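Results of the structural survey
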Amino acid sequence: MKTICFAGLVSETNLGDIAILKSTEYLYKKALPNIEKFGFKRLNIQHENVKSTLLHKLKISALEKLNIDASKVKIHKLISDSKKQYRNELGGVDLIVIVGGGLIKYKYQRFFMYLVALIEVAEELNIPVVLNSVGIEGYSKTDRRCQMLKKALNNPTVKSITTRDDINTLKNLYMLPTSSKLIGKAADSAVYSNEAYNVNKKQTDVFGIGLVRGGIFKDNERDLPPEQLAEFYYQLISEMEKRDIKYKLFTNGLKSDSELLPLIMKKLGRTKLELIEPKEDIDLVQVISSFTTVIAARLHANIISYSLNIPSVGLVWNNKLKLFGKDIGYPERFFDYKHFNVKTILDTAIQANSEGYDQKYMKEYKSSAKLNINKVINKWLAGEL
């Protein structure tokens, strides 16, 4: 029996990442012939099992006292510990599918270290690796972290990489000119969230407003501090109430995405404001299905809306939202922070609610996720991957 391991952010409280994982599993299982002949397991690529020894702590302390950058030592430690973890979990695996998400990045979060460790272990164990519809977030020829990631992606054990967004950066900067890997662009698997979770949109007239943590724009080099973001939400709610538009606030599950609520309530002069905070991934999909249109900053609030045929308006804190809007054929529905005009955004949401999506184009765009997965499965089973 051949076993496929789906590697993703299994423990992530941003439920959009769990939707990616389960949607990718769903599409792979649909593509397999005789599914009962295959085994499946999950790997959490993000773990915190880093146990610092006294020697490691002393080494870091000594470097810091000498004003020497200790990041190289810290990176090596995390990669080494991650590799031990992955070796213990990958026995008997025949294919590793990294399910997607914004993983090809290095400026913040530890994903580049996890990917480096996982790919190196896969090479040791002779397991082919496929990166499915990953997000590409920046490139630097001088940043050591980026170049470590580039080296890992060009490892021979990596057989296929598709991206949901920046194909040019992937092809022209990350990939070596001599690369023979299957490289392409494919929709995020979560565009099939509706099928993966067997959820359909409801008949409703309620708009969904997706909150996001206050510092996310600043973390992504966009000059919109938390106070201004809270002011935007306050004005949006006020304008919706002025127009008698029904709305509900929600998050993608991250606790930090509710941190602006007290400030928003203060601006509104209220002591209570209902906020839906889903606890499970199925809850997130069902919550979004109860809206007629969504206004949200989280990418997967927009992608899940799309899967449910619910129009959305995106608040852009990262280029991945802008690229998604372009890919689905509605770039005008995605607003950069410099153009956060409440009336314009709300007018756009109302128009989107009326227009919906081009159904023919939607079908073609969504099918790109299936086509790539079918290609990978066919080559793998034929021994050609």
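To be clear, the structure that these remarks concern was listed above.
The following paragraphs examine the structure supplied in this document. (Residues numbered from 1 in each chain as written. Predicted model: local features only at pLDDT ≥ 70, side-chain atom pairs only at ≥ 80, totals over all residues. Heavy atoms only, no water.)

To continue, consider the pairing of strand 9 (residues 247-250). Note that strand 8 (residues 207-210) and strand 9 share four bridges and pair parallel. Across the sheet, the residue bridging to Ile 209 is Leu 249, located in strand 9. Taken together, the two bridges between strand 9 and strand 10 (residues 275-276) define a ladder with parallel strand orientation. Note on strand 10: the bridge partner recorded for Phe 250 is Ile 276. Once the chain exits strand 9 it traverses helix 10 (residues 261-268) before rejoining the sheet at strand 10, and the crossover so formed is right-handed. (Pairing = 2+ DSSP bridges. Helix = DSSP H or I, 4+ residues; strand = E, 2+ residues; numbered from the N terminus. Right-handed = clockwise from strand over helix to strand, strands pointing away.)

On to the packing of aromatic side chains, then. Enumeration over the complete set of coordinates arrives at 13 aromatic pairs. Where Phe 6 meets Tyr 28, the ring centres are 5.7 Å apart and the plane angle is 75°; that geometry is what we call edge-to-face. In this pair, Phe 6 sits in strand 1 (residues 2-8) while Tyr 28 sits in helix 1 (residues 15-31), placing the two residues 22 residues apart along the sequence. In this structure Tyr 28 comes out as buried when scored by relative accessible area, which is 0%. With centroids separated by 6.1 Å and ring planes inclined at 40°, the aromatic side chains of Phe 38 and Trp 380 adopt a geometry described as tilted. Separated by 342 residues along the polypeptide, Phe 38 in strand 2 (residues 38-44) and Trp 380 in helix 15 (residues 359-381) bring together distant segments of the chain. The same class applies to Phe 38 as to Trp 380, namely buried. Feature note: the residues Tyr 306, Phe 324, Tyr 330, Phe 334, Tyr 357 and Tyr 365 constitute an aromatic cluster, connected by ring pairs. Its guanidinium or amino end placed over the ring of Tyr 192, Lys 366 lies 4.8 Å from that ring's centre, counting from NZ or CZ. (Phe/Tyr/Trp six-rings, centres within 6.5 Å; stacked < 30°, edge-to-face > 60°. Buried < 20%, exposed > 50% of the residue type's maximum accessible area, 1.4 Å probe, protein only. Lys NZ or Arg CZ within 6 Å of the ring centre and 35° of its normal.)

Both strand 4 (residues 101-104) and strand 5 (residues 129-136) contribute to a ladder of two bridges, which runs parallel. If you follow Ile 104 over to strand 5, its bridge partner there is Ile 136. You can see the chain leave strand 4, run along helix 4 (residues 111-125) and come back into strand 5, and the turn it takes is right-handed.

This part is about the packing of helix 4 against helix 5 (residues 144-153). Their axes nearest at 9 Å, the elements helix 4 and helix 5 cross at an angle of 30°. Judged by the inter-axis angle, helix 4 sits roughly parallel to helix 5. Like other packed secondary-structure pairs, helix 4 and helix 5 cross with a definite hand, here left-handed. For the pair helix 4 and helix 5, contact is made by Phe 112, Leu 115, Val 116 and Ile 119 and by Arg 145, Met 148, Leu 149, Ala 152 and Leu 153, respectively. Here the residues of the contact of helix 4 with helix 5 sort into eight nonpolar, no polar and one charged. (Axes fitted to C-alpha atoms, helices over the stretch in contact; angles between N-to-C directions. Parallel < 35°, antiparallel > 145°, perpendicular 65-115°, else oblique. Left-handed = near helix turned anticlockwise from the far one by under 90°. Contact = heavy atoms within 4.5 Å. Nonpolar A, V, L, I, M, F, W, Y, C, P; charged D, E, K, R; others polar.)

The next point concerns the packing of helix 1 against helix 15. At a minimum axis separation of 9 Å, helix 1 and helix 15 run at an interaxial angle of 55°. Considering the angle they form, helix 1 stands oblique to helix 15. The interaxial crossing formed by helix 1 with helix 15 has right-handed handedness. Counting all contacts with helix 1, which are made through Leu 27, Tyr 28, Lys 30 and Ala 31, the residues of helix 15 involved are Ala 369, Lys 370, Ile 373, Asn 374, Val 376 and Ile 377.

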